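Here is what each chain is made of, one letter per residue.
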Amino acid sequence: MAEEPFDADEIEEPAPVRGGSVVLRERFLVNGGKPLPELDSPNAKAFMAEDRHDLSRNLFALVCTPGIPLRTPEIKKFKTTPGSGLLELVEWESVFWPIIGQRTMIVIYERPMGGRVMDRIKSGQARITEYDIPRKVIQPIVDGLRHVKTLNTAHRALRPDNLFFLDEDLQEIVLGDCVTAPEGFDQPLMYEPLERALASPAGRGVGSTTDDMYALGASLVVLTVGSNPIERMKGEDLLFRRTNLGSYAAVCGNARIPMSLLEPLRGLLSDSANERWGIDEISNWLNGLKQTPQQKKPARKGETPLRFGGRDHTNVRTLAHAFNRQIPEAVKTLKDETFHAWLKRSAGEGDLSDTLKGYVDTANFHKENHQGTDEYLVARCCAAMDPHGPIRFKGVSVYLDGFGPMLAMEIIRNGNIQVLTEIINREIYQFWISDRTSFLDSIEIGQQYAQMKAWLSSKEAGQGLERCLYELNAGLACQSPHIIEDGIIFIDDLLPALDRAANHADGHSKPVDRHVAAFIAARFNEDILPHLRALAAPKESTAVIGMLSLLAFLQWKLKGAPVYGLTSWVGGLLGPAINAYHSRTTRRELEKEIPRLVRRGSLPDMFDLIDNAEKRAEDQDGYADAVEEYSACSREITDIEGSGNELQEKAERTGQRTAATISIITTMIAVTIMFISEIL
Amino acid sequence: MNMRVIIWGLLIFALLLIVALPTVMLVAFGMLPGLVAMIIDRTEERSATFCVGGLNFCGVFPYLMDLWFGDHSLGQAIGQLTDVFALAVMYGGACMGWMLYLSLPPVIASFIQVMSERRLQQLRKTQRDILDEWGDEVITDADLGGDGLVLPQQDDQNVAAEAA
């Protein structure tokens, strides 16, 4: 081995950018000097890996692209419950990767020794005939999908170039990685069901096995033919063709499909999710059971086309897609009687025409608010025109279950976040949900998005856009500038990352910024609302104590190791909290005590020191007494000083009174003595 | 009311003139400085009257005793009033009263002034100690505005940064 491997957990400073190796969980060595480009995923680079406990194992590692939201719940599931038909996920960990000079997630898989199926077919090393398809291709993939379904998730990355031969004999096919990018993110349009293909890649949504079944159908076409029959058709053209002809006709094109596969392909490539073949249907087919033949059902077409956006549209679905791209023209069209005449006579959508007219009237009625805007009107009309399509608003197309990854990608790319927040704030999702009550749990989704709206409307730390970001993306790393390069996905890794960040962070900046607060709120399963409230307090001393209490609570609950750097960093920010004590003596005592606690690396101890209830009560009482004593002194001073010559006059009056008293007493004594002496 | 007092006063004075004319004569002439002090003393407390009148009476009383326990006659009274030594004793007492009245207040005032200054210093020191220990915010919370107060030295702010 050329270089000494890094122990990922002992890295304190980012290493220079160079080739290198890391060790995961003190067992799996990932060799940065041995890339495996043939096993790369679109968002993860493949490298050679080995198990130090068992060198005979064939492994490879996928080093994820930092910033891309990962499917961490699926990573955990696949790790703990491996199944047939899938590449075995052996291990995973977020570690420092020297080649890019920052931490990132590395996922270790069992290495498919036969390589990528499509590469083998193209090179002629493997040949898959129509007779091989059922047992050699469909069966293992269906086994894999069935296993994925038992884990209550979907693969969402099924495509020919993500299928591998597990063995060198090129006999066993398995599904490749699906956890290094959001669901459907890497899928070419061809392998996504039509309704999800119409959304942006990041916003295609979590999906289900039904979507995997469509991808299986599209993949089968490519594997059967040996190449992609519609390879040259991209983007809008493909979507247009699929919408007009139906996905089966569009994907198969003029390719020669074996008769034996027509039935399953029609079933799998159905554009209706309800009619699409599921695992049971395809299993029955594999077992030789006849299925009810499905007829190809192209979308409802108008007799005459409607010209919009440079294309002739014959159905409202493509029109909805086009409307979202050209909003001013769409509004003109929606208000044009010619369009409604076309809807009624040519497209046969009389009811839809009435509905759209109703929306236009409503928009006219609400001219004063956002419901009267062109964007809102077009979004509402698009939802009605394409009931199974994504939310379309201001050019953005996103499924509600893909909202999280979409938001994450837009934030990471500094994209258009405004539109996404408007979808929540202006409740664009509401009418989208109401149009889809037949196949959505509208109440649950409504509640989920109402909660997001509440978070978005709050400016406090731990809420806002950041909270939505982390709540909706379990696999997204914390985006705080302090620790973004650490790729922290799990709450347990947060304090060690902040501890490392203390070495290079500006001492005046706070470790708990909006991202860290939201990350904790989303990933930490404890009630931290009181801490967040304190953190958001306008008074600096309360905010600092809130920050300390939150971090201390985290360290205490997670039973984390001492964090010397972080304790020192927080200790340097405690000025306002210490100054919240009135007594200077107490302040000096606290300041003297902090270095000792820094050496212990214990945030709970530091919190106990700073926010000791008994000490606070003593301080308050002492302060109240001091104020009272000060007031009393001031009153007495005012009395003594009086005003003008009052003191002088007072002194003179006292002197005169004293003189009179002396005189009277002297007289009385003298008279008494004289009288007695005369008598005696 | 006043008229009644005057009538009663005149009645008693007339009775005294009949019964003890020598005594009345001696007191009337011997206590003239006290009477003058009473007339010119316009203060409410009448300190000058008591001061001068008291010591004036001290000077008159030995001669009253001579009258009362000796020859209580008009001649004896006239004899005493024409005696320069007796007059010197009576009026000297009044003079002592005036001296006491004029000299004692400034002394007492100076003493009180010194005591007050000392007390002011003590109070200001107490306030300074309070501000040193509890900070300037005490002034605000005491709702005094800090007029005339000495502020403590700012010596212990933001030491937390050093601790880190």
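These figures come from a predicted structure and were not determined experimentally. (Residues numbered from 1 in each chain as written. Chains lettered and ligands numbered in written order. Predicted model: local features only at pLDDT ≥ 70, side-chain atom pairs only at ≥ 80, totals over all residues.)

Can you help me understand the overall build of chain B in this one?
Counting its secondary structure elements, chain B contains 8 helices and 0 strands. Considering only contacts in chain B between residues 6 or more positions apart, those separated by 24 or more positions represent 63%. (Helix = DSSP H or I, 4+ residues; strand = E, 2+ residues; numbered from the N terminus. Contact = placed C-beta atoms within 7 Å.)

Even after reading the chapter, I still don't get the overall build of chain A, so can you show me in this structure?
Of the regular secondary structure elements, chain A holds 29 helices and 14 strands. Rg of the C-alpha trace for chain A: 37 Å, well past the compact-globule value of 26 Å for 680 residues, more than 25% over. Viewed in the frame of its principal axes, chain A has a C-alpha envelope of about 160 × 75 × 40 Å. Long-range pairs, those at least 24 residues apart, make up 65% of the contacts in chain A with a sequence separation of at least 6. (Rg over C-alpha atoms; globule rule 2.2 N^0.38 Å.)

How should I be thinking about the domain arrangement of chain A in this particular structure?
Many analyses report the size of an interface as the accessible area lost when the parts associate. Split into domains, chain A comes out as domain 1 (6-110), domain 2 (115-286), domain 3 (306-468), domain 4 (477-610) and domain 5 (642-680). Computed over C-alpha atoms only, the centres of domain 2 of chain A and domain 4 of chain A are separated by 49 Å. (Domains from an automatic or database assignment.)

Explain the sheet that holds strand β9 (residues 163-165) of chain A to me, please; I cannot follow it from the model alone.
Across a sheet, strands are paired by hydrogen bonds formed along the backbone, either parallel or antiparallel in direction. All names here are of chain A. Here we have 3 strands laid out as an open sheet, ordered β8-β9-β10, and antiparallel in their pairing. Strand pairing shows two members of the sheet lacking a second neighbour, β8 (115-116) and β10 (173-175), which therefore form its edges. Note that β9 and β10 share 3 bridges and pair antiparallel. In the strand pairing of β10, Phe 164 is matched with Val 174. (Pairing = 2+ DSSP bridges.)

What exactly am I supposed to notice about the environment of A:Gly622 here?
All names here are of chain A. Mapping Gly 622 onto the fold places it in helix α28 (residues 613-641). According to the C-beta neighbour criterion, Gly 622 is partly exposed, with 17 such atoms within 10 Å. Separated by 534 residues in sequence, Gly 622 and Glu 88 have C-alpha atoms that sit 67 Å apart. (Buried ≥ 20, exposed ≤ 12 C-beta atoms within 10 Å, placed from the backbone.)

Help me understand the interface of chain B and chain A in this model?
On the chain A side, the residues contacting the 45 residues of chain B number 47 residues. Of all the elements in the fold, those that place two or more residues in the side of chain B that touches chain A are α4 (47-69), α6 (84-134), α7 (137-141) and α8 (160-163) of chain B. Top contributing element to the side of chain B that touches chain A by residue count: α6(B), with 21 residues. Looking at side-chain class alone, the side of chain B that touches chain A contains 30 nonpolar, 9 polar and 6 charged residues. (Nonpolar A, V, L, I, M, F, W, Y, C, P; charged D, E, K, R; others polar.)

Is there a simple way to think about the pairing of strand β4 (residues 44-51) of chain A in this case?
In regular strands, side chains alternate between the two faces of the sheet. All names here are of chain A. Of all 8 residues in β4, 6 are buried, a share of seventy percent or more. As judged from the 5 bridges shared by strand β3 (residues 28-35) and β4, these two strands associate in the antiparallel manner. From the neighbouring strand, Phe 28 faces β4, where its bridge partner is Asp 51. Here β4 pairs with strand β5 (residues 54-64) via 7 bridges, running antiparallel. Within β5, the position partnered with Asp 51 by the bridge is Asp 54. Hairpin remark: β4 followed by β5, antiparallel, with 2 residues in the connecting loop.

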